[in-house]
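Inside the fold
What follows is the residue order along each chain.
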Amino acid sequence: MAQVNYFLTEEQQMIVELARKISREKIVPVRAELDEKEEFPWDIIKDLAQADLFGLYIPEAYGGLGAGCFEMCLALEELAYGCIAVTTTFAASALGGYPILLFGSEEQKARYLPDIASGRRLSAFGLTEANAGSDVAAIQTTAVEEGGSWVLNGTKQWITSGGEADIYTIIALTDRNKGARGATAFIVEKGDPGLGFGKKERKMGLRASSTRELIFNDCRIPKDRVLGKRGQGFIIAMRTLDLARPGIGAIGVGLAQAAFDEALKYAKERIQFGQSIMSFQAIQHMLADMVTQIEASRALVYAVARTIDAGAKDFAKLSAMAKLFPTDMAMKATTDAVQILGGYGYMKDYPVEKMMRDAKVLQIYEGTNQILRNVIGQAINKEYAIRGCGN
Ligand SMILES: Cc1cc2nc3c(=O)[nH]c(=O)nc-3n(C[C@H](O)[C@H](O)[C@H](O)COP(=O)(O)OP(=O)(O)OC[C@H]3O[C@@H](n4cnc5c(N)ncnc54)[C@H](O)[C@@H]3O)c2cc1C
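Structure report, in brief. (Residues numbered from 1 in each chain as written. Predicted model: local features only at pLDDT ≥ 70, side-chain atom pairs only at ≥ 80, totals over all residues. Heavy atoms only, no water.)

Enumeration over the complete set of coordinates arrives at 31 salt bridges. Its salt-bridge partner being Glu189, residue Arg121 comes within 2.9 Å of it at the nearest N-O pair. Taken together, the residues Arg121 in the loop between helix H6 (106–118) and strand E1 (123–126) and Glu189 in strand E5 (residues 183–189) connect sequence positions 68 residues apart. In this pair, the class of Arg121 matches that of Glu189, namely buried. Taking the shortest distance from any N to any O, the salt bridge between Glu201 and Lys199 comes out at 3.5 Å. Overall, Lys199 belongs to the exposed group, its relative accessible area being 61%. (Salt bridge = Lys/Arg side-chain N within 4 Å of Asp/Glu carboxyl O. Helix = DSSP H or I, 4+ residues; strand = E, 2+ residues; numbered from the N terminus. Buried < 20%, exposed > 50% of the residue type's maximum accessible area, 1.4 Å probe, protein only.)

Right, let's get into the site of the ligand. Residues in contact with the ligand amount to 19 residues; listed here are only the nearest, Phe125, Thr128, Ser134, Thr368 and Gln370. Contacts to the ligand include Thr160, whose side-chain N or O atom sits 2.8 Å from a nitrogen atom. Mapped by element, the contributors of at least two residues to the shell around the ligand are E1, strand E3 (149–160) and helix H11 (369–387). Partitioning the shell around the ligand into residue classes produces nine nonpolar, eight polar and two charged. (Near = heavy atom within 4 Å. Polar contact = N/O pair within 3.5 Å; in protein donor to acceptor, adjacent residues only side chain to side chain. Nonpolar A, V, L, I, M, F, W, Y, C, P; charged D, E, K, R; others polar.)

Next up on the list: the pairing of E3. As paired strands, strand E2 (residues 142–146) and E3 are joined by five bridges and run antiparallel to one another. Bridge pairing in E3 places Glu146 opposite Ser149. In sequence, E2 turns back onto E3 through a hairpin of two residues, with Gly147 there showing a positive phi of about 60°. (Pairing = 2+ DSSP bridges.)

Now for helix H1 (residues 10–27). Think of an α-helix as turning once every 3.6 residues; residues three or four places apart then point the same way. Across its 18 residues, H1 extends 24 Å between first and last C-alpha, which sits within 8% of the 26 Å expected from 1.5 Å per residue. Every buried residue belonging to H1 is among Gln12, Ile15, Val16, Ala19, Ile22, Ser23 and Ile27, and all of these are buried. One side of H1 holds all its buried residues, which, seen down the axis, span an arc of 135°. Residues of H1 that are exposed and angled more than 90 degrees away from the buried face: Glu10 and Met14. Considering only its buried residues, H1 is in contact with helix H2 (31–37), helix H3 (42–50), helix H4 (69–82), helix H5 (84–103) and helix H8 (281–309). (Expected span 1.5 Å × (residues − 1). Arc of directions from axis to C-beta. Contact = heavy atoms within 4.5 Å.)

In structure tokens form, the structure reads like this:
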């Protein structure tokens, strides 16, 4: 039967197959154990590094494959089919790497990107604090110029790969009174004096990913670790998130596809009232909605990622849409998959239990889905003011 044709190039098809192989052969067999033990997936990180996937979005000049947002989405979707905790670790390294790619000086790119591309060093992104989640302007971490160094003080919270990563992109206040221009982005390395890590958080899902505080206690870094210009911190954070959000949408698509496949297989096998539950219209309709919404999400993610790669300038609205719709869909699809498996779905013997627990975070991190609706709402309001309705 016909499938939607996304007209992938040979190279893109190879990326899909490579990520799919790692996902099915390396991730699926161990995902339940990693989840149970809350174990960081170092072995799989090595597999992803060997396959050169960490360098997918990094230009060839810095040791990467020189692909774009679309190819990242293809890889993330396949990896997420296996486990979104492992995939989040992979995605978080890109989130830490994007600011360097987008705003780094030539020296900074040459120094950090080859290590990130090869997977030798993981990267992470530190914006959130205890009192600054959606309200990023409320951050309290400060960076003060002192002699030839910057000195950072404060605590970043819930940083993916905190403690495991070597390279951190950090947003800190440099001019408290300058509002949106009051923050600056810095590169901090594990081992810099004064950088410590909190305990590993215990989470509902995403348990193979490690989430920790980054504690800056008179953390002294050289002057040349400023990313972009002083005062550009919030702009750098927003551009980074705009580039990363379609990838979170792709993770939602991969996760939902995995939940759908489990639910369909079970529906065909499970006999009640003398027939497979697939023969009940109630079950068929749930599966029909799932498969339709997965395809709609995939089409949206791919279209937005391709628009970004084609050089779109202001894509905050599109990028928010490409995270919002697929991640709300993934929460619904995983919940419905558990429903189709009934009591068995609630047990850890079947993978849909973990998928539903994992799905929730997709609606929270990298901008909650309420905040994304705000971003879209503000953008359409602005567009209306410029060109009116229907033009
Ligand atoms: C597992 C995990 C990993 C993470 N990894 C990272 C990381 O690597 N780096 C990093 O910097 N951060 C990370 N985060 C933090 C994440 O980005 C924040 O949790 C998120 O931005 C929301 O902030 P908050 O949790 O403080 O919620 P709050 O901002 O306190 O929001 C609470 C609720 O209020 C709603 N709300 C808040 N403001 C508004 C508004 N204006 N309009 C409508 N609704 C609103 C929210 O949508 C939410 O439902 C991670 C979080 C988790 C859970």
